[in-house]
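Analysis of the macromolecular model
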Amino acid sequence: MGALSHIRVLDLSRVLAGPWATQILGDLGAEIIKIEKPVEGDETRHFGPPFLKSKDGGRGDATYFLAANRNKQSVAIDISRPEGAVLVKRLARRAHVVVENFKTGTLKRYGLDYASLAAENPALIYCSLTGFGHTGPYKDKAGYDYLAQGMGGLMSITGQPDGAPGAEPLKVGVAMADVVTGLYAAIAIMAALIHQSKTGEGQEIDMALFDCQAAALANQAMSYLAGGTVPRRMGNSHPNIVPYQVFETADGHMILAVANDGQFRKFCKAAGMEHIARQARFATNAERVANRDELTGLLKPLFTARRTADWIALLEAADVPCGPINRIDQVFADPQAIARELKVPLDHACGPLDVVASPLRLSRTPPEYRSAPPLLGEQTVQVLETILNLEAGEISALLARGVIQG
């Protein structure tokens, strides 16, 4: 049994940050009831191509949806209809956690805000995810990952430096602000569950993409706050460590990740460049950072003289951190990925489906892979029957009026 197998989560979130958080909780055993709008469902069901192909050859859900929605039950309810809002409120009475990512104030119109639900279920943990939180001048502003990456500083340090070819601020290749917010939200929810177990009290959690992106700036933020330096775009170079970057080789590119002076000496010896390790201008990391351009100018022609595989074999034998730059197909074909079982097979309504394994490795309560991402409304009837004890006639009437979809 998963560590959270006693927890029921009512998931009113869509797209990525909220579903990412609830998928983590689901992997750890929690029961996740995903509330979706009838007919349309979570927007990411349509974020394609690529799409799954159904068994009859039709178009299934977008693969984007599949990334964040395993171990969930899909219940399609129209919360804009009074009968639908009542159903969700009844489900919230029987839940430990509610997760939502509507714009500030939206759910209050339907009586599904924290104050309304907590009045009936004081132990409820209510996690709200928005672009900018429920306070401040931007609280009513729509929030998306792209905006958070830009306004939260990440794009200002990502991309080629000014003056270099292709220089402009760049977003990261995945929705990193959403993913980070989902991770922080899962942590906050689990902390609230511990408090709930000790006191019986619920609480409201206010998560913002903007806040989480700023927090995830890590050392770059502290370079400004404590060091007075405003970080800038540096391409594949590291602001504080040299040589720690991408180098072109005879047949492609590779990463050299020298993180300390001992590793630099090992690198120089393996590369036949011991003389530069003895030079004062390169002997310490601080000196190498100060003389970055001079050092990389010496190393670039050196790397282009050998193939990537040859460099990696040479440097790994010398215990120097380095590696290739894999395409995503190469990631999952890598012997390390195979050994760690990073690809998990599931049975989906459209056929066999591989998903990315959870990176959480717990010896007593490991992640579970109970079910593939659901079809829209796949468990509507089952959930209403088993949790709310609705009779067949009541469910039929709700289906007929379009309040639910099953």
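Residues numbered from 1 in each chain as written. Predicted model: local features only at pLDDT ≥ 70, side-chain atom pairs only at ≥ 80, totals over all residues. Heavy atoms only, no water.

Attention shifts here to the overall build of the protein chain. The number of helices and strands found in the protein chain is 17 helices and 14 strands. Buried positions account for 45% of the 406 residues belonging to the protein chain. Within the protein chain, residue pairs in contact and separated by at least 24 positions form 68% of the contacts whose partners lie at least 6 positions apart. Surface accessibility of the protein chain: about 20,200 Å² in total, with carbon and sulfur atoms responsible for 56%. Of the side chains in the protein chain, 41 bear a positive and 43 a negative charge, and the two mean positions are spaced by 2 Å. (Helix = DSSP H or I, 4+ residues; strand = E, 2+ residues; numbered from the N terminus. Buried < 20%, exposed > 50% of the residue type's maximum accessible area, 1.4 Å probe, protein only. Contact = heavy atoms within 4.5 Å. Areas by Shrake-Rupley, 256 points an atom, 1.4 Å probe, with all protein chains shown as cover. Lys, Arg positive; Asp, Glu negative; His and termini not counted. Charge placed at Lys NZ, Arg CZ, Asp CG, Glu CD.)

Here we come to the nonpolar core. Counting 30 residues, the largest nonpolar core has Leu10 and Ile35 as its most contacted members. Secondary-structure elements contributing two or more residues to this core are strand E1 (8-12), strand E2 (31-36), strand E5 (73-77), helix H3 (82-93), helix H4 (114-120), helix H16 (380-386) and helix H17 (392-400). Element by element, the count of residues in this core is highest for H3, at four residues. Beyond its immediate sequence surroundings of up to four residues, Ile35 is in contact with Leu10, Asp11, Leu12, Val75, Ile77, Ile79, Val88 and Leu91. Counting 27 residues, the second-largest nonpolar core is a separate cluster that includes Ile24, Leu28, Ala177 and Cys212. (Core = buried A, V, L, I, M, F, W, Y, C linked by side-chain atoms within 4.5 Å.)

Two elements in contact, helix H1 (residues 17-27) and helix H6 (residues 176-199), have axes whose closest approach is 7 Å; the angle formed by their N-to-C orientations is 45°. Viewed along their axes, H1 and H6 adopt a mutual orientation that is oblique. The chirality of how H1 crosses H6 is right-handed. Listed contacts from H6 to Ala17, Trp20, Ala21, Ile24 and Leu25 of H1 are Asp178, Val179, Thr181, Gly182, Leu183, Ala185, Ala186, Ile189 and Met190. Its residues assigned to classes, the contact of H1 with H6 comprises eleven nonpolar, two polar and one charged. (Axes fitted to C-alpha atoms, helices over the stretch in contact; angles between N-to-C directions. Parallel < 35°, antiparallel > 145°, perpendicular 65-115°, else oblique. Left-handed = near helix turned anticlockwise from the far one by under 90°. Nonpolar A, V, L, I, M, F, W, Y, C, P; charged D, E, K, R; others polar.)

This part takes up the pattern of salt bridges. Side-chain pairs of opposite charge can arise where the charged atoms are in close proximity. Tallied over the full model, the rule gives 18 salt bridges. The salt bridge involving Lys266 is made with Asp319; its shortest N-O contact spans 3.5 Å. Taken together, the positions of Lys266 in helix H9 (residues 261-270) and Asp319 in the loop between helix H13 (308-317) and strand E11 (322-324) put the pair 53 residues apart, joining distant regions of the chain. Arg307 is the salt-bridge partner of Asp310, the closest N and O atoms lying 3.2 Å from each other. We classify Arg307 as partly exposed; its relative accessible area is 43%. (Salt bridge = Lys/Arg side-chain N within 4 Å of Asp/Glu carboxyl O.)

Let us look at the side chain of Asn121. Take Asn121: it is sitting in the loop between H4 and strand E7 (125-130). Of the residues examined, Asn121 reaches a relative accessible area of 10% and is grouped as buried. Those residues in contact with Asn121 that sit more than four places away from it in its chain are Ala92, Arg93 and Ala95.

Here the residue pair Pro49 and Pro50 is connected by a cis peptide bond, since its omega of 5° sits within 30 degrees of zero. With respect to the secondary-structure elements, Pro50 resides in the loop between E2 and strand E3 (51-53). In this structure, the amide linkage connecting Val242 to the following residue, Pro243, adopts the cis form with an omega of -5°. A positive phi is found at Val15, a non-glycine position, where the angle reads about 70°. Assignment of secondary structure puts Val15 in the loop between E1 and H1. Owing to a relative accessible area of 25%, Val15 belongs among the partly exposed residues under this scheme. Unlike most non-glycine residues, Val39 shows phi in positive territory, near 75°. Within the secondary structure, Val39 sits in the loop between E2 and E3.

Quick look at the sheet that holds E1 now. The strand order across the open sheet formed by seven strands is E8-E7-E6-E1-E2-E5-E14, and the pairing between neighbours is mixed. Both outer strands of the open sheet, strand E8 (203-208) and strand E14 (404-405), are each paired with one neighbouring strand and no more. In terms of strand pairing, strand E6 (residues 97-100) meets E7 through four bridges, oriented parallel. Within E7, the position partnered with Val99 by the bridge is Cys127. (Pairing = 2+ DSSP bridges.)

Another aspect to go through is the pairing of E1. Within E1, five of the five residues are buried, which leaves the element mostly enclosed by the surrounding structure. Going residue by residue along E1, you find Arg8, Leu10 and Leu12 tucked away on one face and Val9 and Asp11 tucked away on the opposite face as well. In the sheet, E1 pairs with E2 via four bridges, with the strands oriented parallel. Bridging from a neighbouring strand, Leu10 pairs with Ile33 of E2. Handedness of the E1-H1-E2 crossover: right-handed. (Right-handed = clockwise from strand over helix to strand, strands pointing away.)

This next bit is on the sheet that holds strand E9 (residues 244-248). Two pairing modes exist for strands in a sheet, parallel and antiparallel, and in both the strands are linked by backbone hydrogen bonds. Spatially, three strands are ordered E9-E10-E11 in an open sheet, and the strand pairing comes out antiparallel. The open sheet has two edge strands, E9 and E11, and neither has a second partner. Recorded for the sheet is a direction-independent mean angle of 25° between the axes of neighbouring strands. Direction of pairing for strand E10 (residues 253-257) relative to E11: antiparallel, over a ladder of three bridges. The residue of E11 that forms the bridge with Ile255 is Gly323. Contacts from H13 reach E10 and E11, with the element oriented near 20° to E10.

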